[in-house]
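Structure at a glance
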Amino acid sequence: MLPKKEIPRDPVWYPFTQMQEFAEYSPLIITAAKGCWLEDEQGRCYLDGVSSLWANVHGHRHPVIDRAIEEQLGRVAHTTMLGLSHPGGIELARELVTLAPEGLSRVFYSDSGATGVEIALKMAYQYWQLRGEKQRYRFLRLSEAYHGDTIGAVSLGGMDLFHERFRRLLFETIKVPTPHLYRHPFAVQDEKEIVEQYFSLTEELIARYAKESCGFFVEPLIQGAAGMIVHPPGYLKLLRDLTRKHNILLIADEVAVGFGRTGKMFASEWEDVSPDLLCLGKGITGGYLPLAATMTTEEIFSAFLGDFRELKTFFHGHTYTGNPLACAAALASLKVFAEEKTLETSVFEPKLQRYRTGMKRLEQLTHVGSVRYRGLMGGVELVKDKKTKEPFPFEKRLGYQVIMEARKEGVMLRPLGDVIVLMPPLAVSLEELDLLFDATEKAIRKVTE
Ligand SMILES: *Cc1c(COP(=O)(O)O)cnc(C)c1O
């Protein structure tokens, strides 16, 4: 214990970090960044291989976004959206409605992915209450879901490592098996049959619980935190069809996959799906400032309308809801998407090809069991035995060792257990992609061979 009033050298308690060992390996302190590069206080540079936790899109210190924030700062940094508004907030909402899948016409702001999810959860619940269907209180979600770290979001989550300890604080949700082609529980080995099994299990559970359920939460296409699990094609569409058929809401959490990560502005577009609620965060500001948005349909929005005495109001809000600086950054980021044609084939396809080539190379390594990605979002899973898919012992912390090696090669990564995440900003260059894969290959070989 510290004597009274002795100030620790660094009093910060860091997220997702065992602080006991943090004292031994003192933290790397980042003092600046430019483009896809981070710089530490010693002046060493690192490629930002995970987009500063899946957030950065167009690179750091992008002149268009920097200028937009400076200009907003010259007007006002923050006012409230509780009873007041501001031009950037309104303009951004209009832009989001223009870009989002058909039917999503209303935007509710908050300040992190988790709050965006909590809002979707409460909106969905209240919506059915207002419709007079008071028996609906459950939510369906995938078994290895991750929707954030607040209690509502954790209730929807299935990552036991993070969530199990809090079980008694959580509300119960219906677990639908994550359609995971690499690690699945079925006896069959044919991919088509595995997919069929998952599809029919999903249908069975939706049918069984629909009458008492508000909605189905899903991370479209890729479950990020679970280890970059890529769903089989058609799964999102299946969820859309089944949720319609059984009359529950489809809630898409695009906090990680949104804003171009998978190669389209929103992942739902790949399967022509319009969810009833859409959660956005991370890349919404280009990775500059905390902002989230929960979008919904006219149908849900209008259920909340009424005389104030009817108490249909959505009683929810955060102090920094729709912060003007963050909205300015988000608007500027969307402008950069248009100006730099970030997602147009001519710009995006060469990067995707280079990324694909890199992934194919990693797939050849003796201890890479599976490579999984959509667009520039993915990861490789390290295994002890490629044939049996046996993992390395947890105690070995292979993933962690690999990223520490990669750091020596000038690439900053962050693993998910033994999955090495490779998720550079969309602004990454072909040369930077080469470095990303060279360093990762070298690090994996060094640690595993
Ligand atoms: C990161 C993430 C969240 C939580 O976002 P925060 O901003 O960290 O609260 C929610 N859902 C998904 C799919 C995420 O990847």
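Residues numbered from 1 in each chain as written. Predicted model: local features only at pLDDT ≥ 70, side-chain atom pairs only at ≥ 80, totals over all residues. Heavy atoms only, no water.

A word on the overall build of the chain
- On a plain count of helices and strands, the chain comes out with 14 helices and 17 strands.
- Computed over its C-alpha atoms, the radius of gyration of the chain comes to 22 Å, within 12% of the 22 Å expected for a compact globule of 449 residues.
- Seen through its principal axes, the chain has C-alpha atoms that stretch 65 × 60 × 60 Å.
- Buried residues in the chain amount to 52% of all 449 residues.
- Considering only intrachain contacts with a sequence separation of at least 6, the fraction spanning at least 24 residues in the chain is 69%. (Helix = DSSP H or I, 4+ residues; strand = E, 2+ residues; numbered from the N terminus. Rg over C-alpha atoms; globule rule 2.2 N^0.38 Å. Buried < 20%, exposed > 50% of the residue type's maximum accessible area, 1.4 Å probe, protein only. Contact = heavy atoms within 4.5 Å.)

Structural notes on the pairing of strand β11 (residues 277-280)
- Of the two faces of β11, both are covered, the one formed by Leu277 and Cys279 as well as the one formed by Leu278 and Leu280.
- Strand direction decides the pairing type here: strand β10 (residues 249-253) and β11, joined by 3 bridges, are parallel. Paired with Asp253 across the bridge in β11 is Cys279. (Pairing = 2+ DSSP bridges.)

A closer look at the site of the ligand
- Near the ligand you find Trp54, Ser112, Gly113, Ala114, Tyr146, His147, Gly148, Glu219, Asp253, Val255, Ala256 and Lys282, and these make up its full shell.
- For the ligand, an oxygen atom lies 2.8 Å from a polar atom in the backbone of Ala114.
- The separation between a nitrogen atom of the ligand and a polar side-chain atom of Asp253 is 2.7 Å.
- Contact with the protein chains hides 82% of the accessible area of the ligand, taken as 380 Å² for the molecule alone.
- Each residue belonging to the shell around the ligand can be placed in one class, and the counts come to 5 nonpolar, 4 polar and 3 charged. (Near = heavy atom within 4 Å. Polar contact = N/O pair within 3.5 Å; in protein donor to acceptor, adjacent residues only side chain to side chain. Areas by Shrake-Rupley, 256 points an atom, 1.4 Å probe, with all protein chains shown as cover. Nonpolar A, V, L, I, M, F, W, Y, C, P; charged D, E, K, R; others polar.)

Considerations on the pairing of β10
- In terms of burial, β10 is largely enclosed, as 5 of its 5 residues are buried.
- Both faces of β10 are covered, namely the face carrying Leu249, Ile251 and Asp253 and the face carrying Leu250 and Ala252.
- Of the pairings in the sheet, the one linking strand β7 (residues 213-218) to β10 comprises 4 bridges and is parallel in character. In the strand pairing of β10, Phe216 is matched with Leu250.

Regarding the domain arrangement of the chain
- One can read the domain layout of the chain as domain 1 (4-57 + 342-448) and domain 2 (67-339).
- Between the C-alpha centres of domain 1 and domain 2 the distance comes to 26 Å.
- On the side of domain 2, 30 residues touch domain 1, which itself brings 31 residues to the contact.
- Summed over both partners, the interface of domain 1 with domain 2 comes to about 2700 Å²; 62% of that surface belongs to carbon and sulfur atoms.
- When the buried surface of domain 1 facing domain 2 is broken down by residue, Trp54, Arg374 and Met377 rank first, second and third, together holding 27% of it.
- Inspection of the domain 1/domain 2 interface yields 1 salt bridge.
- Taken together, the links from domain 1 to domain 2 amount to 13 residue pairs in polar contact (both at pLDDT 80 or more).
- When contributions to the side of domain 1 that touches domain 2 are tallied by element, the ones reaching two or more residues are α2 (51-54), β13 (368-374), β14 (377-382) and β17 (419-422). (Domains from an automatic or database assignment. Buried area = accessible area lost by both parts, 1.4 Å probe. Salt bridge = Lys/Arg side-chain N within 4 Å of Asp/Glu carboxyl O.)

Looking at a nonpolar patch on the surface
- Nonpolar side chains collect at one region of the surface, where Ile151, Phe166 and Leu169 lie side by side and expose about 280 Å² of accessible area between them.
- With respect to the helices and strands, the residue Phe166 is situated in the loop between α7 (160-163) and β6 (174-176).
- Relative accessible area serves as the criterion here: at 37%, Phe166 is assigned to the partly exposed category. (Patch = residues over 30% accessible without salt bridge, like charges linked within 9 Å, V, L, I, M, F, W, Y side chains within 5 Å.)

As for the packing of aromatic side chains
- Per the stated rule, a full pass over the model turns up 9 aromatic pairs.
- Arranged with centres 5.6 Å apart and planes meeting at 55 degrees, the rings of Phe199 and Tyr235 form a pair that is tilted. Here Phe199, found in helix α8 (residues 191-209), pairs with Tyr235, found in helix α9 (residues 235-245); they are 36 residues apart in sequence, far enough to count as distant.
- Ring centres of Tyr355 and Tyr373 lie 5.4 Å apart, and the angle between their planes is 75 degrees; on these two criteria the pair is classed as edge-to-face. Here Tyr373 lies in strand β13 and Tyr355 lies in helix α12 (residues 345-363), a separation of 18 residues in the sequence.
- Its relative accessible area of 0% is what places Tyr355 among the buried residues.
- Overall, Tyr373 belongs to the partly exposed group, its relative accessible area being 22%.
- Here a set of aromatic residues connected by ring pairs shows up, and it is made of Phe108, Phe304 and Phe314.
- Between Arg106 and the ring centre of Phe301, over which it is positioned, the NZ or CZ distance is 3.9 Å. (Phe/Tyr/Trp six-rings, centres within 6.5 Å; stacked < 30°, edge-to-face > 60°. Lys NZ or Arg CZ within 6 Å of the ring centre and 35° of its normal.)

Here's the deal with the sheet that holds β11
- What the 7 strands build is an open sheet, ordered β4-β12-β11-β10-β7-β5-β6; its pairing is mixed. If you trace the sheet from one side to the other, it starts and ends with β4 (104-110) and β6, each paired once. The sheet shows a mean angle of 20 degrees between the axes of neighbouring strands, taken without regard to direction.
- Running over the sheet, α8 touches β5 (138-142), β6 and β7 and is turned about 160 degrees from β6. (Axes fitted to C-alpha atoms, helices over the stretch in contact; angles between N-to-C directions.)

Considerations on the packing of α12 against helix α14 (residues 430-448)
- The contact between α12 and α14 brings their axes to 10 Å, and the two run at 10 degrees. Compared by their axis directions, α12 and α14 come out roughly parallel. Crossing handedness for the pair α12 and α14: right-handed. Each of Pro350, Lys351, Arg354, Tyr355, Gly358, Met359, Arg361 and Leu362 in α12 lies in contact with α14, whose residues at this interface are Leu430, Leu433, Asp434, Phe437, Asp438, Thr440 and Glu441. (Parallel < 35°, antiparallel > 145°, perpendicular 65-115°, else oblique. Left-handed = near helix turned anticlockwise from the far one by under 90°.)

Points about the side chain of Thr321
- Turning to its location among the elements, Thr321 is positioned in the loop between α10 (298-303) and α11 (324-339).
- Note on Thr321: relative accessible area 6%, which makes it buried.
- From its side chain, Thr321 meets the backbone nitrogen of His318 in a polar contact 2.9 Å long.

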